[in-house]
Amino acid sequence: RQPRARGAPSITIRASLMAICFAPAWGAYLARGPAAARPPTTHVFFDCDDCCYQNEWRTAAKITDAIAGYTARLGLSKERAYALYKAHGTCLKGMLVEGVIAEANVEEFLREAHDIDYADVAADAALRAVVAAVAPPARRFVFTASTREHALRCLARVGIDDLFEGVVDTRVCGLETKHSEAAFRAAMAHAGVADPRACMLIDDSVKNIKCARGLGWRTVLVGLTERETGRRFERAEADHHIPRLHD
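What counts, and where the lines are drawn
- Here the residue index of a chain counts from 1 through its sequence in written order.
- Side-chain atom pairs in this predicted model are given and counted only at pLDDT of 80 or more, local residue features only at pLDDT of at least 70, and totals for whole chains, interfaces and linings cover all residues.
- To obtain the side-chain values, all non-hydrogen atoms of the structure were used and water was disregarded.
- A 1.4 Å probe rolled over the protein chains alone gives each residue an accessible area, and that area as a share of the maximum for its type sets the label: buried under 20%, exposed over 50%, partly exposed in between.
- Think of it this way: any DSSP run of H or I at least four residues long counts as a helix, any run of E at least two long counts as a strand, and we number them from the N terminus.
- The arc in question is the one traced by the directions running from the helix axis out to the C-beta atoms.
- Note on definitions: a residue-residue contact is assigned when non-hydrogen atoms from the two residues lie within 4.5 Å.
- The predictor reports its confidence for every residue as pLDDT, a score running from 0 up to 100.
- Here is the rule: rings of Phe, Tyr and Trp (six-membered ring for Trp) pair when centre to centre is within 6.5 Å. Planes less than 30 degrees apart are stacked, more than 60 are edge-to-face, and the remainder are tilted.
- The rule for a salt bridge is simple: a side-chain nitrogen of Lys or Arg has to be within 4 Å of a carboxyl oxygen of Asp or Glu.
- Polar contact is defined as a pair of N or O atoms within 3.5 Å, subject to the rule that within protein one atom must be able to donate a hydrogen and the other to accept it, and that residues adjacent in sequence are counted only when both atoms are side-chain atoms.
- If DSSP finds at least two bridges between two strands, the strands pair.
- Crossovers are described as right-handed under a simple rule: with the strands pointing away from the observer, the path leading from the first strand over the helix to the second runs clockwise.

Draft legend 1. Structural context of helix H8 (residues 148–158). When H8 is considered as a whole, its buried residues turn out to be His150, Ala151, Cys154, Leu155 and Val158. Taken end-on, H8 shows its buried residues confined to a sector of 125°, consistent with a single buried face. Check the buried side of H8 and you find it contacts helix H3 (58–73), helix H7 (125–132), strand E2 (139–143) and strand E3 (166–168). Backbone geometry just downstream of H8 places Gly159 in the positive-phi region, at approximately 100°.

Okay, here's the thing in structure tokens:
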């Protein structure tokens, strides 16, 4: 068995890319199971944080701290802010629903929550090659629970911001939690795709993967452990499961 060249996509991702770009050549493979009825993938949605880059959640922790600072200034305890997150999917949505802040303050919150240092997000030439391999007719988008501005700052540091047609962010999703059917429907509408079976999600969140798969999307789970618990993923909830995009 020949060793794989450093930086080359893994067998799992390479298979996914071939299925996207060369669907007719995969006819025999697809015909072996229920996936035979699926149309070829035309829209690929990449998560941003801890997917297009990985730094042991250091950037995510900075956002969490920034949110904690904002909610503390409103007089909310950490426990109360976490309860809002658990009940409504995001702290922001919870604060809006329960009248903690007004809609007029949404942009202020989003700006302050992402007013962080990005030094921990590094350039990655190997990842650029992987993303660029998702070639036409497949269309590439970023799907993030954060803001478009935050995603573009991260992607620019990685060196892949020019490889995507657009960004689906929390505003596009109506501030709904990403792991909701409403968010995925909004992503499809934004990208101009009607059939969920033509979509693929590449994400590090099992919750997001489960939601996407439940709607009929193809899915790739990225990473080995859960962020909140640190536990290793015991079984993949996705069609494919890999440690990193370029492993």
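Draft legend 2. Spotlight on unusual backbone geometry. Backbone geometry places Glu56, a non-glycine residue, at a positive phi of 60°. Relative to the elements of secondary structure, Glu56 occurs in the loop between strand E1 (43–46) and H3. Residue class for Glu56 comes out exposed when judged on its relative accessible area of 68%. Of note, Trp57 is a non-glycine position whose phi angle comes to about 65°, a positive value. Along the polypeptide, Trp57 turns up in the loop between E1 and H3. Judged by relative accessible area, Trp57 falls into the partly exposed class, the value being 25%.

Draft legend 3. Representation of the confidence of the model for the protein. Of the residues in the protein, 83% reach a pLDDT of 70 or more, and the chain-wide mean stands at 85. The low-confidence segment residues 1–34, where pLDDT is below 50, has 45 contacts with residues more than four positions distant or belonging to other chains.

Draft legend 4. Structural view of the packing of aromatic side chains. In the structure shown here, the tally under the stated rule is eight aromatic pairs. With a centroid separation of 4.9 Å and 40° between ring planes, the pair formed by Phe45 and Trp217 is classed as tilted. Here the residue Phe45 occupies a position in strand E1, and Trp217 occupies one in the loop between helix H10 (206–214) and strand E5 (218–222), the gap between them amounting to 172 residues. On the basis of relative accessible area, Trp217 is assigned to the buried category, the value being 0%.

Draft legend 5. The arrangement of the pattern of salt bridges in detail. The tally for this structure, following the rule as stated, stands at 17 salt bridges. In this structure, Arg58 and Asp120 form a salt bridge, with 3.7 Å as the shortest nitrogen-oxygen distance. One end of the pair, Arg58, is in helix H3; the other, Asp120, is in the loop between helix H6 (106–113) and H7, with 62 residues separating them in the sequence. Accessibility expressed as a relative area gives 40% for Arg58, which makes it partly exposed. According to the relative accessible area criterion, Asp120 is partly exposed, its value standing at 28%.

Draft legend 6. The arrangement of the environment of Val172 in detail. One can find Val172 in the loop between E3 and helix H9 (181–191). C-alpha of Val172 to C-alpha of Arg148: the two residues are 24 residues apart in sequence and 9.3 Å apart in space. Excluding residues that lie within four positions of it along the chain, Val172 makes contacts with Val167, Ala186 and His190.

Draft legend 7. Geometry of the side chain of Asp203. Along the chain, Asp203 falls in strand E4 (residues 199–203). Take Asp203: its relative accessible area is 0%, and that puts it in the buried class. Of note is the side chain of Asp203, whose polar atom sits 2.7 Å from the side chain of Lys178. Separated by 2.8 Å, the side chain of Asp203 and the backbone nitrogen of Ser205 make a polar contact.

Draft legend 8. The pairing of E4, seen in detail. Of all five residues in E4, five are buried; the element is thus mostly enclosed. The alternating pattern of E4 places Cys199, Leu201 and Asp203 on one face and Met200 and Ile202 on the opposite face, and all of these are buried. Two elements, E1 and E4, share four bridges in a ladder whose sense is parallel. When the sheet's bridge partners are listed, Val44 is paired in E4 with Met200. Here E4 pairs with E5 via four bridges, running parallel. Each residue of the ladder has a partner; that of Leu201, found in E5, is Thr219. Between E4 and its parallel partner E5, the chain crosses via H10, and the hand of that crossover is right-handed.

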